[in-house]
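# Observations on the model geometry
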Amino acid sequence: MRMVPEKNTLDTWALLLSAWRYSFRSRLFWLWGGVAASAPLIQNFWLDQKQLVSAEDLFSYLSTFGYKENILFFLFLFILITFSLLGKSNLTSLIHEQEKKDRAIDKVPSRTLSPLLLLWRGFKVECVAFIFFLFLLIILGTPAFLASSYNPQSASLLLVLGSITFFCVAFIFFFVKEFAFFYSVLSPLSLRQCFENGSRLFYRFPWQSASLGITTLLLIILFTFATNLVMLGITVLLNSIGFSQISLPVILLTSFLLLTWTSIFLRALWTLFFLEIARPKNPETTKEELPIPTEGASEFPAA
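Described below are features of the structure shown in this document. (Residues numbered from 1 in each chain as written. Predicted model: local features only at pLDDT ≥ 70, side-chain atom pairs only at ≥ 80, totals over all residues. Heavy atoms only, no water.)

### A short note on the overall build of the protein
Scanning the protein from terminus to terminus reveals 9 helices and 0 strands. What you see in the protein, going N to C, is helices and strands ordered as α-α-α-α-α-α-α-α-α. A buried classification covers 38% of the 303 residues belonging to the protein. For the protein, the proportion of contacts with a sequence separation of at least 24, taken over those separated by at least 6, is 79%. Here the protein displays about 17,800 Å² of accessible surface, and carbon together with sulfur accounts for 70% of that area. (Helix = DSSP H or I, 4+ residues; strand = E, 2+ residues; numbered from the N terminus. Buried < 20%, exposed > 50% of the residue type's maximum accessible area, 1.4 Å probe, protein only. Contact = heavy atoms within 4.5 Å. Areas by Shrake-Rupley, 256 points an atom, 1.4 Å probe, with all protein chains shown as cover.)

### Describing the nonpolar core
Counting residues in hydrophobic clusters, the biggest one holds 44 residues, and the most contacted among them are Phe179, Tyr183, Leu201, Phe273 and Phe274. Among the elements of the structure, helix 1 (12-22), helix 2 (27-49), helix 4 (67-102), helix 5 (115-150), helix 6 (152-186), helix 7 (191-204) and helix 9 (247-278) are those that each provide at least two residues to this core. Top contributing element to this core by residue count: helix 9, with 12 residues. Here Phe273 is in contact with Leu10, Leu15, Phe179, Gln208, Ser209 and Leu212, once residues within four sequence places are set aside. (Core = buried A, V, L, I, M, F, W, Y, C linked by side-chain atoms within 4.5 Å.)

### Observations regarding the pattern of salt bridges
What the rule picks out here adds up to 9 salt bridges. Linking Glu126 and Lys177 is a salt bridge whose minimum nitrogen-to-oxygen distance equals 3.4 Å. One end of the pair, Glu126, is in helix 5; the other, Lys177, is in helix 6, with 51 residues separating them in the sequence. Overall, Glu126 belongs to the partly exposed group, its relative accessible area being 22%. Here Lys177 falls in the buried class, since its relative accessible area comes to 10%. Here Glu196 makes a salt bridge to Arg192, at a shortest N to O gap of 2.5 Å. Remark: Arg192 and Glu196 occur in helix 7; sequence separation between them is 4 residues, near one turn of the helix. (Salt bridge = Lys/Arg side-chain N within 4 Å of Asp/Glu carboxyl O.)

If you want it as structure tokens, here you go:
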């Protein structure tokens, strides 16, 4: 069964332009984009208020509290992650539905799930990814940990090799996880089928995926730099006209709007990329390869 079309090129500029247009399409996009952006905004604001700029600072801060306070902290962190995932999964579904309307794809019934069900399907993928990275860290870190006690000279070499291996595996698994997330949210496939199709999709389009990943990283760096310039300009302007007392709420509101737009833009970019490579090239001529459209079906064939 052919899972994805054979396509060797991808117009990145067209994807960027489409994502730009989608970021201003619907108020619902901004609603769920705001939900996704609120979690990192709250997290960054809390870290700035506590002046925690590194992982070492965070661990030192947590060590001053008892286990109950630490449990509450990680519970709060879990809630933030869940809230962000709620916005991410629902925003992905909305962009997919809008894209189908734009392309007049009406032969496959719409698969509109409740926000909590979309959250659950995305949450399962993220849990698998978390467990995978946890075991990967344990497997790669154990030799260096043991060597530090019995053969300290080789511990640094094992640590370097383990770090390189972890980076390479994590780089590949990031794309597999993202594709599995799209399959889970946008199709009725099982969790195992989502990861199987995600790995095959990356295997077919490794260079296109890596290119988009690097482009996304550069966009995030550019956005962070531009946001810091805007925040600095707002602070200087308000201080110069004597409104320094309202600088914090103005900065928070501006940061929230910018983060919301960025969440919509990047989610649209990756969703459109996934739809471009995962959807069969010509559904009109590949009916034998696709499941019969029924209630809850999608245009993505199972592995």
